[in-house]
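# Close look at the chain arrangement
What follows is the residue order along each chain.
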Amino acid sequence: MALVLRNIYQTFTFFFMEYKDPRVENYPLLGSPWPIVTIIVLYLKFVNDWGHRLMENQKPFQLTAVMITYNLIQIVLNLYIGIVGGLNSYLAEDYSWKCESINQKDSFSRQRLIFVTYLYFVSKIIDLLDTVFFVFRKKYNQITFLHTYHHAGMVIATYIFTKFLAGSHATLLGLINSFVHVVMYFYYFLTSFKPELKNSLWWKKHITQLQLIQFTLLMLHFGIPIIWGYCDFPKVLLFIGFTQNMFMFTLFADFYIKTYLKQSNPKKCEASSLS
């Protein structure tokens, strides 16, 4: 058993040393994967166990000022990521929106894109606070499998992308997702001043529709190169990107049908659960 574990560790270490992107090596949290593993484990343990025990005999916190500040930060951060990332990728001369292979280009525009990619990774760690706030406000009904899977999975996925694939074909995922988050956190910001909006299905329904469009575009972005075979981006990564977005589309579509088409009890669901 010890020999097997040692071989697994050596293979794991070789992979991280051989395929890492030296352009991001000095960014915090992008060295060893163990800090990210620790963050995910602590996050899941808190939202599923420790947080419930902590709040068991406590009244729900309102956190109004904290939520307003948090939502403003998210709006500005995601808007910056979307705009600057777009300018330094899909509008840059050295970037191909049809097929951008894994490379280590080091132009000024690519360096800025790498930095924005890192900010996107950091933003996914910050997103974990969504669930923490749910715990402190005792909104346990919002802590669904879809919510926790999406948040934890995005931290892991963006870590891998930033460390090994920064600036490549999957960049579109971060750009679209950042603009979706601008709309979503703007909604949260508005509800801080107009709580009655929480009962408005208009916002929630259209935010979910926007997320479904997001997953559809990303399925096309990863799926078309697989079908036509014109892109030298690794097929296995295209397949993972396609299947992951198809899975998320399925989960969100199921939520949309049950909440907005069947209209069983729409007031139980808030757009927050889809962040």
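All values derive from a computational prediction rather than experimental measurement.

## Comments concerning the state of the cysteines
- Summed over all chains, the structure comprises 1 disulfide.
- The disulfide partner of C99 is C231, and the S-S distance across this bridge is 2.0 Å. Between C99 and C231 the sulfur-sulfur dihedral comes to about 75 degrees; the bridge is accordingly right-handed. Placement of C99 in the loop between α3 (64–87) and α4 (108–127) and of C231 in the loop between α8 (201–228) and α9 (235–261) is noted, with a sequence separation of 132 residues between them.

## Some thoughts on the layout of surface pockets
- Its boundaries defined by the atoms lining it, the largest pocket holds a volume of some 680 Å³.
- As for the largest pocket, its lining consists of 32 residues, of which A157, T158, F161, A170 and L173 are closest to the centre.
- Elements that contribute at least two residues to the lining of the largest pocket include exactly α4, α6 (145–164), α7 (171–193), α8 and α9.
- Residue contributions to the lining of the largest pocket peak at 9 residues, all from α6.

## Quick look at unusual backbone geometry
- Phi at L29 takes a positive value of approximately 75 degrees, unusual for a residue other than glycine.
- Tracing the backbone through its elements, the reader meets L29 in the loop between α1 (2–19) and α2 (34–54).
- Exposure remark for L29: the relative accessible area of 34% places this residue in the partly exposed category.
- Within the chain, L63 stands out as a residue other than glycine whose phi angle is a positive 55 degrees.

## Some words on the side chain of D130
- You can see D130 is positioned in helix α5 (residues 129–136).
- One buried charged residue, D130, remains without a salt bridge, the closest side chain of opposite sign being K124 at 8.0 Å.
- In this structure the side chain of D130 is engaged in a polar contact, spanning 2.8 Å, whose partner is the side chain of Y185.

## So, the UniProt feature "transmembrane region" (unreviewed entry) in the protein
- Summarizing the sequence annotation, UniProt attributes the feature "transmembrane region" (unreviewed entry) to residues 27–47, 68–92, 112–136, 172–190, 210–230 and 236–257 in the numbering used throughout.
- With 100% helix and 0% strand, residues 172–190 has end C-alpha atoms that lie 28 Å from one another.

## Examining the packing of aromatic side chains
- What the rule picks out here adds up to 14 aromatic pairs.
- Arranged with centres 6.1 Å apart and planes meeting at 50 degrees, the rings of Y118 and F121 form a pair that is tilted. Separated by 3 residues within a single helix, Y118 and F121 lie in helix α4, roughly one turn from each other.
- The buried category is assigned to F121, whose relative accessible area is 0%.
- Centroid distance Y185 to Y188: 5.3 Å. Interplanar angle 85 degrees. Geometry classified as edge-to-face. Placement of the pair is Y185 and Y188 together in helix α7, with a separation of 3 residues, close to one helical turn. Each member of the pair, Y185 together with Y188, is buried.
- The structure contains a cluster of three or more aromatic residues connected by ring pairs, namely Y70, F133, Y185, Y187 and Y188.
- When the ring centre of Y230 is taken as reference, the NZ or CZ atom of K98 above it lies at 5.4 Å.
- Over the ring of F164 we find K163, and its NZ or CZ is 6.0 Å from the ring centre.

## Description of a nonpolar patch on the surface
- The grouping of I213, L217, L220, I224, I226, I227, W228, Y230, V236, F239 and I240 at the surface amounts to a nonpolar patch, some 1,100 Å² of accessible area in total.
- Only α8 and α9 provide two or more residues apiece to the nonpolar patch.
- A total of 7 residues in the nonpolar patch trace back to one element, the largest contributor, which is α8.
- Within the fold, I240 resides in helix α9.
- Judged by its relative accessible area of 47%, I240 falls in the partly exposed class.

## Digging into the nonpolar core
- Of all hydrophobic cores here, the largest spans 21 residues; its most connected members are L30, I36, F121, V135 and V155.
- Of all the secondary-structure elements, those providing two or more residues to this core are α2, α4, α5 and α6.
- Looking at this core element by element, the count peaks at 5 residues for α2.
- Leave out the neighbours within four places in its chain, and V155 touches I36, I40, F121, K124, I125 and L128.

Criteria and thresholds
Just so you know, the residues in each chain are numbered from 1, in the order the chain's sequence is written. Whole-chain, interface and lining totals are the exception, using all residues; otherwise, since this is a predicted model, local features are given only for residues with pLDDT of at least 70 and side-chain atom pairs are given and counted only at 80 or more. The side-chain values count all of the structure's non-hydrogen atoms but skip hydrogen atoms and water molecules. Note on disulfides: each one is a pair of cysteine sulfur atoms within 2.5 Å. Segments assigned H or I by DSSP are reported as helices when at least four residues long, segments assigned E as strands when at least two residues long, and all are numbered from the N terminus. Only protein atoms enter the 1 Å grid, on which a cavity is a set of points fitting a 1.4 Å probe that cannot get out and a pocket is an open set with protein on both sides within 12 Å along at least 5 of 7 lines, lining residues being those with an atom within 4 Å of a point. Grid points are joined across faces, edges and corners, and a volume is the space filled by probe spheres set on the points. For every residue, the accessible area obtained with a 1.4 Å probe (protein chains only) is divided by the maximum for its type, and the residue is called buried under 20%, exposed over 50%, and partly exposed between those limits. Charge assignment in this entry is limited to Lys and Arg as positive and Asp and Glu as negative, and neither His nor the chain termini are counted. Here, a salt bridge means any Lys or Arg side-chain nitrogen found within 4 Å of an Asp or Glu carboxyl oxygen. What qualifies as a polar contact is a pair of N or O atoms within 3.5 Å, subject to a donor-acceptor requirement within protein and to the restriction that residues adjacent in sequence count only when both atoms come from side chains. UniProt positions are given in the numbering used here, feature names are shortened, and annotations may be inferred rather than shown by experiment. Pairing of aromatic rings covers Phe, Tyr and Trp, the last counted by its six-membered ring, and requires centre-to-centre distances within 6.5 Å; plane angles under 30 degrees mean stacked, over 60 mean edge-to-face, and any other angle means tilted. The criterion is that NZ of a Lys, or CZ of an Arg, lies within 6 Å of the ring centre and within 35 degrees of the ring normal, and then a charge sits over that ring. Residues enter patches when they are more than 30% accessible in relative terms and free of salt bridges; like-charged ones are connected within 9 Å and nonpolar ones (Val, Leu, Ile, Met, Phe, Trp, Tyr) within 5 Å. Method for areas: the Shrake-Rupley scheme with a 1.4 Å probe, in which residue coverage is limited to the protein chains shown. As used here, the term nonpolar core means buried Ala, Val, Leu, Ile, Met, Phe, Trp, Tyr and Cys residues forming a set that is joined through side-chain atoms within 4.5 Å. Contacts are assigned to residue pairs that have any heavy atoms within 4.5 Å of one another.

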